[in-house]
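Architecture at a glance
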Amino acid sequence: MKKIFALLLCSFMLASLFAASMESRIRSVPGNVSSAAFKNPKAGLPMLVQNLTEGVNDDALKVKIIHDWICDNIEFDTQQYFSGKNKKQDYVSVLKKKIAMSEGYSSLMYEMCSAAGIEAVIVKGWSKGLGYSGKLERKPDHSWNAVKVGNEWKLVDVAWDAGIVEVCTWIKHYSTEWLFLAPENFIYSHLPEDESYQFLPDADVRTKDQFVKEPYIAGKFFESGISLTKNIPLYNTVITGETEYIFKVDPKTTVTSEIRDKNQNDVKNASWLNRSGNSLYFVVDVPDSADYKAMLFAKKADEDYYGFKFGIKDFEKNVLPAAEKLVSSQDITAAELKMFKSSFVKVKENDAYYIKEDLFNERQNENMINIFELIDLNPRIMETVLEFNVKADTSYKGFGRGVVKYPTTYNVYNNSTGTKLISPVCGNLKIGDEILFQVESSDFSDIAVELDGTLVNFEKNEKGIFELSVTIPEADTLKVYGSNNGHNYNGLWYYDIIK
């Protein structure tokens, strides 16, 4: 029984740190077999593939094992990418140097699948990834694979699943986001040069113009329980005022949003989300005529995991001191603190600390999770699932700099799945104004507003809408709360009060 519990605990630890897990057999390859593949790829690769896939009868699993081995062993060549120089990207060169660009990743994937008896092709085309500006280069700038599993072609982008590039640094960050993603979803980020590799019905095949017009939609968008309606933003969206987009969403999916400027700074309260049934209303606006980016973040309610990076200031001012105090309180040992510190790498140019990812280093991962939990670090990390550029039309000057467009939300509201603010949907309230507050909610049994230090409950009208007429008091903010039992109330959002 103790052994079973230990296995479950390790599984929980891994799920709390990483969004996906690798096949364990990729680390059980004998050293001499791995060495032979790296030193003499033409002779050694077949033996490596045989060792990885021996006894596996499921072709999909074989592909996953090969995908995982590449992700674990090959790094992205940022030096070559940013230098613009063309170096060999054949599988032999990739294995000898253990670095690659997308062409090298797809070349190695093709060769390993072929050695495993799986039909595969290298797909060349364009992507909305690193360096994409909203326009397509004259020649293809990215490569990925299609593999045949059974009688069906499936798409795989190993380069994107191995890690990410932030600023000029490649960070190992494994995922399965781009492994077997459905063609109708893959097309929002990848456009093959040969349209037959879209694997879409004729009516859905994308042209270059259509691909460029559509927003970037990540694979996680569809995995998180969100789906598209006909009301879809353009990659370069021009608005003439507050603009709303509607998506279908699983009630168990948590969603937040942001508007960012060209320097990646959050524009405070320039977007708003409402939920009603299985509908998600994403409202965006901009303060002026500058260029902005609208972003949607999401995660499934049953998927809680920690982020793989921390801002340098936050890590050094909050996370590290909190971890160091655990030694004084004897909650952890000095050795465990040392291991914790060594689990991160500092990248100054990115203003970030990153986890040194190793999904098979159980001691490191368990130690990190233990310390994260002891310092009450929130594991509810959400990842970007949709992005598009947004700009004010020449006839619209924006809602104004310094203006708070929407209320400021708390995590309880962000994590709610059935609460919709009907009115007032604004950031500022004026002292003395008489305002009718209306809220639709299936998340809370009670909604209340704080007036002069006292919570005043809303009443439900005949349509089941919570409502309350309020004279805006002389205060700095007006807070709205929600409760599930009429006793314990949590903040949902607040308004800034102006004269």
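Everything that follows concerns the structure shown earlier in this document.
Notes on the structure follow. (Residues numbered from 1 in each chain as written. Predicted model: local features only at pLDDT ≥ 70, side-chain atom pairs only at ≥ 80, totals over all residues. Heavy atoms only, no water.)

1. Brief notes about the packing of aromatic side chains
For the structure shown, the criterion picks out 30 aromatic pairs. Within the aromatic cluster, the residues linked to one another by ring pairs are Phe 310, Phe 315, Phe 340, Phe 344, Tyr 353 and Phe 372. Of note, Lys 128 hangs over the ring of Phe 211, and the distance from its end group to the ring centre comes to 4.3 Å. Here the basic side chain of Lys 154 rests over the ring of Phe 180, its NZ or CZ set 5.8 Å away from the ring centre. (Phe/Tyr/Trp six-rings, centres within 6.5 Å; stacked < 30°, edge-to-face > 60°. Lys NZ or Arg CZ within 6 Å of the ring centre and 35° of its normal.)

2. Side note on the packing of helix α12 (residues 312-328) against helix α13 (residues 334-341)
A pair of packed helices can be characterised by two numbers: the angle between their axes and the separation between those axes. The contact between α12 and α13 brings their axes to 8 Å, and the two run at 160°. Relative to α13, α12 is oriented roughly antiparallel. Judged by the twist between their axes, the crossing of α12 over α13 is right-handed. Where α12 approaches α13, its residues Phe 315, Val 319, Leu 320, Ala 323, Glu 324 and Val 327 are matched on the opposing element by Ala 334, Leu 337, Phe 340 and Lys 341. For the contact of α12 with α13, the class distribution of residues is eight nonpolar, no polar and two charged. (Axes fitted to C-alpha atoms, helices over the stretch in contact; angles between N-to-C directions. Helix = DSSP H or I, 4+ residues; strand = E, 2+ residues; numbered from the N terminus. Parallel < 35°, antiparallel > 145°, perpendicular 65-115°, else oblique. Left-handed = near helix turned anticlockwise from the far one by under 90°. Contact = heavy atoms within 4.5 Å. Nonpolar A, V, L, I, M, F, W, Y, C, P; charged D, E, K, R; others polar.)

3. Comments concerning the pattern of salt bridges
Where charged atoms from two side chains of opposite charge come close, those side chains can pair. Summed over all chains, the structure comprises 18 salt bridges. The partner of Lys 62 in a salt bridge is Asp 59, with the nearest N and O atoms 4.0 Å apart. Of this pair, Lys 62 and Asp 59 both sit in helix α4 (residues 59-73), three residues apart, which is roughly one turn of that helix. Among the ionic pairs, Asp 72 bridges to Lys 172, the shortest N-O distance being 3.0 Å. Of this pair, Asp 72 sits in helix α4 while Lys 172 sits in strand β7 (residues 169-172), and the two are 100 residues apart along the sequence. Since its relative accessible area comes to 13%, Asp 72 is described here as buried. Through salt bridges with shared partners, a single ionic network connects Arg 27, Asp 72, Lys 172 and Asp 358. (Salt bridge = Lys/Arg side-chain N within 4 Å of Asp/Glu carboxyl O. Buried < 20%, exposed > 50% of the residue type's maximum accessible area, 1.4 Å probe, protein only.)

4. A few points about the sheet that holds strand β9 (residues 190-192)
The five strands are arranged β8-β5-β4-β3-β9 in an open sheet whose pairing can be described as antiparallel. Strand pairing shows two members of the sheet lacking a second neighbour, β8 (179-181) and β9, which therefore form its edges. Neighbour-to-neighbour, the strand axes of the sheet open up by a mean angle of 50°, direction not taken into account. Sheet analysis places strand β4 (residues 142-149) next to strand β5 (residues 152-156), joined by five bridges and oriented antiparallel. Note on β5: the bridge partner recorded for Val 149 is Glu 152. Across the sheet, α4 is in contact with β4, β5 and β8; its angle to β8 comes to roughly 120°. (Pairing = 2+ DSSP bridges.)

5. Examining the pairing of strand β19 (residues 344-347)
For β19 and strand β20 (residues 352-355), the ladder comprises four bridges, and the chain directions are antiparallel. By the bridge assignment, Phe 344 is partnered in β20 with Ile 355. What sits between β19 and β20 in their antiparallel hairpin is a turn of four residues, with Asp 351 showing a positive phi close to 55°.

6. Observations regarding α12
The terminal C-alpha atoms of α12, which comprises 17 residues, lie 23 Å apart, in line with the 24 Å expected from a rise of 1.5 Å per residue. All of the buried residues in α12 are Ile 312, Phe 315, Val 319, Leu 320, Ala 323 and Leu 326. Buried positions along α12 lie against β18 (309-311), α13, β19, β20 and α14 (362-374). Just downstream of α12 lies Gln 330, where phi reads positive at about 65°. (Expected span 1.5 Å × (residues − 1).)

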